[in-house]
Each structure stands twice: as structure tokens, then as C-alpha cells.
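# Per-entry structural report
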Amino acid sequence: MMKALTRTAIALIAILIVIVAIAGIYFITQQGAQTTTPTTTTSPPTTSPTTTSPTETTPPPGEGIKVAILFDVGGRGDLSFNDMAYLGAEKARQEFGVEVEYMTPKSQDDMVPLLKQLSESGEYAILVLIGYLWTGALNQTADLYPNQKFALIDSSTGVERENEVDILFREQECGALIGIVAAGMAYSLNGSTVGAVAGMDIPPLWRFHIGYLFGVKYFEMKTGKPVNFLWQYTGTFQDVGVGYNTAWQLLQQGAKVLYGLAGLTHVGMFDAIIDWNEGGHGKAFGIGQDASQEWYAPQYIPVSGAKRVDVAVYTAIKMVVEGTWQHGIMVLGLKEDGVGIWDLEGVKYFAQMAYDTGQLTDLTPEQVVQIVNETRNKYIPDYAWNLVNELKQKIESGEIVFKSPLTHEEYDQIIQELLAGNLDAALEKGSVMGG
């Protein structure tokens with residue numbers, strides 16, 4: 001069954017993302033458990049084009065501008081990170097009329113030669129590099145081509161250059177909200193253990209780890225309900241088999257909720273959760289990340305975290321098109337709608353795209369939304385949503401600000417402090433202890 005589901009997922013993804021990019025998507029910040037369709041939506045301000053629609057006499061603003069999107073070695077089809085990058089580039093292509101080329105290196109060894117080749121061609125207004133694995137390659141090449149603009153998504157070289165922008169995310173903010181939700185669901189499932197199937201041991205995952213554990217401990221502090229926390233790196237973003245086996249082991253350790261933070265790898269996690277439930281081993285839930293992933297198995301995936309890689313890619317291209325280039329570091333968090341939780345409208349739009357491609361055959365999009373809504377209302381307690389909104393307000397107001405560890409040693413220290421119950425160890429500003 002796992003193999004069949006995995007093949008279905010991989011076949012669906014390429015078709016689905018194209019349709020989604022054409023139709024557009026909605027990002028909605030969760031305001032609490034909902035019994036009706038939300039009436040408010042938020043869209044990142046950076047995705048609102050200031051240009052007018054092209055006409056027969058008005059060429060599109062991006063006409064003649066060529067950009068390259070360079071995925072990491074995993075490439076398209078991960079149902080999350082790389083596919084969200086594609087989504088943002090396609091939005092820019094449609095709205096600005098830029099020409100977009102997509103490339104995936106065969107290995108990390110091919111990254112530097114590819115960057116040099118593209119930079120020397122002089123064809124591209126900007127090279128957009130997707131993911132942490134590009135960091136070293138960019139550091140080796142950016143200074144050699146001062147006239148070539150680069151955007152590094154989800155990482156930073158640590159060097160400020162006029163021709164480079166690094167767009168990062170405050171993953172801790174997303175992870176913290178999800179941690180509260182996960183803990184609440186675990187208790188609704190008569191358990192107290194939550195876990196995560198993570199990808200590689202890299203800074204963006206450090207931040208997710210800190211946030212997720214912080215949210216769990218925030219829940220624990222506020223409710224007095226102890227939560228057992230499991231975290232497992234798989235070392236890969238593209239191996240569904242590893243995701244399946246890792247998830248199965250965590251489920252055997254008592255995890256009632258697993259958070260997928262491993263790209264295509266955690267599609268295998270979803271398959272394991274499906275088999276666990278349908279094999280009579282007990283009830284457990286999965287949580288998606290980056291794109292809304294509830295449609296994959298709505299009865300077992302009630303919620304997904306959002307990481308708007310599409311917004312980051314779109315923003316980088318937009319700066320080039322409009323001549324508003326800003327080098328340095330840009331960070332997207334809850335306040336900028338760069339991260340958050342996908343709400344019911346997001347669930348519906350992704351489900352609709354799956355349905356339109358003929359891949360969602362057993363349910364209609366409306367039924368997916370109904371199942372997700374009912375599952376959220378049944379298994380995510382109101383007190384958990386209240387804590388989510390409480391913490392969200394603290395974050396958006398700037399009352400608390402998370403640390404972003406610069407070294408593995410600092411990351412390890414924060415995790416150890418959190419496990420010991422010191423939540424403030426994760427904060428650069430503010431305090432939640434005793435509050």
C-alpha cells in the first residue's frame with residue numbers, strides 16, 4: 001500500500017503544481033477552530049504587483065528579462081519546498097512577463113560549474129538559488145561576477161554583497177504554532193507524545209526544531225499537561241522509503257502526531273501514518289509543511305504549516321523587474337505572512353487542483369474541506385487554538401523574538417535548555433516564563 005500511495009503522490013505532484021501556479025493560491029492565518037469558511041484572508045504584501053496588466057500597446061514590465069531558478073539536487077516533485085519555489089516563479093512569469101528557466105544540478109559538485117556557466121553567459125538578470133545546499137557554491141562564485149545578481153532562498157552566505165540577497169524565514173514562528181496544535185491533538189488522541197520526521201541537519205531545520213519544541217513546551221507550561229517529544233533527522237529530503245521507516249519507528253515509540261519536515265521524504269511519513277491507522281495499530285495524525293498537504297489524506301492530515309518559499313522567489317524576481325533591488329538579508333515571518341498555518345481556503349484550493357487533474361478521485365474538494373474541518377474541530381481543542389492565537393499575538397507584536405542559532409553548538413544548547421523547561425533560552429527578546 002505504501003508503494004502505491006507513493007507512486008500516486010509522485011505522479012500527481014508535477015501536474016498539480018502547474019495547475020496551482022496558474023490558478024493562484026490563498027494563504028489564510030488560522031484564527032481558531034472554524035465551523036464555517038473563513039471570511040478573512042491575508043496575502044503577503046510583496047506579492048501584490050504594482051504594475052498594470054499588459055495590453056496590446058503596453059508590453060509587460062518583465063519583457064526581455066530572463067531569470068533562472070536553480071533547485072537543489074532534489075528538484076521538483078517534493079510536494080513542498082522546491083515545488084513552492086516553482087509556484088512563485090510561475091506567478092512572476094505570468095504577472096511580469098519574464099522568461100523563466102528551471103534547472104536542477106545532478107549533484108552538489110555540479111553547483112559551482114553551473115553558477116559560473118550561467119553567470120558568464122550574461123543572459124540572466126537574476127539567478128535564484130533554492131535552498132541551503134547552494135550556500136557554499138554561491139560563496140565561491142558571487143565575487144567573481146559582480147554584475148550578476150543572485151538570490152539565495154532559505155540560507156545566507158554570511159557575506160554582504162551588492163549583487164546578492166539572502167531571503168530567510170522565521171521557521172521558529174511557524175514551528176511554535178504547530179507545536180501547540182500537535183500537543184493538543186496528541187491529548188485528544190489519548191496520548192502525550194509528538195514527533196517530527198526531519199530532513200537534513202541544517203540551519204532552517206534547526207529553527208524548525210527550536211520552534212516546534214518551544215510550542216510543545218509552551219503548551220506544557222500553559223496547560224500543565226506533560227508532552228513527550230521525539231525528533232529524528234533522516235539525512236535526506238528525497239527518500240520516501242526512509243520517511244516511511246522513520247515514521248513507523250516513531251509511531252512504535254508512541255507518537256500520536258508526526259510533523260513532516262523533510263520534503264518528499266515526509267510523503268513517506270504520510271504513507272506510514274495511513275498504514276498505521278488502516279492496519280489497526282491505533283489512531284495517529286500527520287502534519288504537513290510548506291504547501292497545504294491535507295488533501296493527500298484528509299482524514300489523517302488535519303493541518304499543515306506554511307512556509308512561503310513562493311513569496312521569497314516572487315519577491316526576488318519582482319525587485320529585478322521593478323528596479324528596486326535590495327541586497328543583504330531579508331527575513332519573512334508571521335508578520336509578513338511568510339510563515340503560518342494553512343487554513344480551510346488553502347486546503348480547498350490545493351484539493352481543487354488535485355481534483356481538476358483527476359488525481360483526487362475518491363473525494364470532492366468540498367468533502368476534503370469538510371473532513372479536515374470536522375477533524376480539526378474534533379481533535380484540536382479550543383484551548384489549543386486559544387494558545388496558538390495568544391502566542392501568535394506575542395510574536396507579531398514583537399513582544400517576543402526567537403533566536404536564530406549561528407552554530408551547531410548554540411543550536412544544541414537551545415534544544416537542551418528547552419527540553420529542561422527553559423523556554424526563554426529560545427528567545428532573543430522577551431520572556432514567556434511564568435507569563
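Our structure's up above, just so we're on the same page.
Here's a quick rundown of the structure. Here the structure is a predicted model, which means the values were calculated and not measured.

## So, the nonpolar core
Core analysis: the biggest nonpolar cluster contains 125 residues, and Ile-153, Phe-214, Trp-231, Val-313 and Ile-317 have the highest contact counts within it. Dropping the residues within four chain positions of it, Phe-214 is found in contact with Ala-176, Leu-391, Phe-402, Leu-418, Leu-423, Ala-426, Leu-427 and Val-432. Within the second largest apolar cluster, 18 residues are counted, among which are Ala-68, Met-111, Ala-137 and Leu-138.

## Re the pattern of salt bridges
According to the stated counting rule, one finds 19 salt bridges in the structure shown. Between Lys-318 and Glu-322 there is a salt bridge whose closest N-O contact spans 3.2 Å. Placement of both Lys-318 and Glu-322 in helix 9 (residues 309-322) is noted, with a separation of 4 residues, approximately one turn of the helix. Using a relative accessible area of 13% as the deciding quantity, one classes Lys-318 as buried. Given a relative accessible area of 24%, Glu-322 falls into the partly exposed group. Through salt bridges with shared partners, one network takes in Asp-154, Glu-171, Arg-207 and Lys-307.

## Some words on the sheet that holds strand 6 (residues 193-198)
The sheet built from 6 strands is open, its strands ordered 7-6-8-9-10-12 with mixed pairing. This sheet does not close on itself; its edge strands, each paired only once, are strand 7 (228-233) and strand 12 (339-341). Here the strands of the sheet are splayed against their neighbours by 15° on average, with no regard to which way each runs. On top of the sheet, helix 8 (residues 265-278) reaches strand 6, strand 8 (257-261) and strand 9 (285-290); it is set at about 160° to strand 9, its chief contact.

## Digging into the packing of aromatic side chains
Inspection of the entire model under this criterion finds 17 aromatic pairs. Arranged with centres 4.9 Å apart and planes meeting at 80°, the rings of Phe-214 and Phe-402 form a pair that is edge-to-face. A residue pair is termed long-range when its members are at least 10 positions apart, and Phe-214 in helix 6 (residues 203-223) and Phe-402 in strand 13 (residues 401-402) qualify at 188 residues. For Phe-214, a relative accessible area of 0% corresponds to the buried category. A connected cluster of aromatic rings, assembled from ring pairs, spans Phe-208, Tyr-212, Phe-229 and Tyr-259. The aromatic ring of Trp-325 is capped on one face by Lys-149, whose charged end is 5.6 Å from the ring centroid. A cation over an aromatic ring shows up here: Lys-225 above the ring of Tyr-187, its NZ or CZ 5.2 Å from the ring centre.

## Details of the side chain of Asn-277
As for its position among the elements, Asn-277 is in helix 8. With residues near it in sequence (within four places) discarded, Asn-277 still touches Gly-282, Lys-283, Ala-284 and Tyr-300.

## Quick notes on the packing of helix 6 against helix 13 (residues 408-419)
Helices that pack against each other are described as a pair by the angle of their axes relative to one another and the distance between those axes. For the pair helix 6 and helix 13, interaxial distance at closest approach is 10 Å and the crossing angle is 10°. With respect to their mutual orientation, helix 6 and helix 13 come out roughly parallel. Contact with helix 6, carried on its side by Trp-206, His-209, Ile-210, Leu-213, Phe-214 and Lys-217, involves His-408, Tyr-411, Ile-414, Ile-415, Leu-418 and Leu-419 of helix 13 and no other residues of that element. Across the contact of helix 6 with helix 13, the residue classes tally to 9 nonpolar, 2 polar and 1 charged.

## Here we look at the pairing of strand 9
Where burial is concerned, most of strand 9 is hidden: 6 out of the 6 residues are buried. Across 3 bridges, strand 8 lies against strand 9 in parallel orientation. Each bridged residue has a counterpart across the sheet, and for Leu-258 the counterpart in strand 9 is Gly-286. Remark: the strand 8/helix 8/strand 9 crossover connection has right-handed handedness.

Conventions and cut-offs
Residues numbered from 1 in each chain as written. Predicted model: local features only at pLDDT ≥ 70, side-chain atom pairs only at ≥ 80, totals over all residues. Heavy atoms only, no water. Core = buried A, V, L, I, M, F, W, Y, C linked by side-chain atoms within 4.5 Å. Buried < 20%, exposed > 50% of the residue type's maximum accessible area, 1.4 Å probe, protein only. Contact = heavy atoms within 4.5 Å. Salt bridge = Lys/Arg side-chain N within 4 Å of Asp/Glu carboxyl O. Helix = DSSP H or I, 4+ residues; strand = E, 2+ residues; numbered from the N terminus. Pairing = 2+ DSSP bridges. Axes fitted to C-alpha atoms, helices over the stretch in contact; angles between N-to-C directions. Phe/Tyr/Trp six-rings, centres within 6.5 Å; stacked < 30°, edge-to-face > 60°. Lys NZ or Arg CZ within 6 Å of the ring centre and 35° of its normal. Parallel < 35°, antiparallel > 145°, perpendicular 65-115°, else oblique. Nonpolar A, V, L, I, M, F, W, Y, C, P; charged D, E, K, R; others polar. Right-handed = clockwise from strand over helix to strand, strands pointing away.

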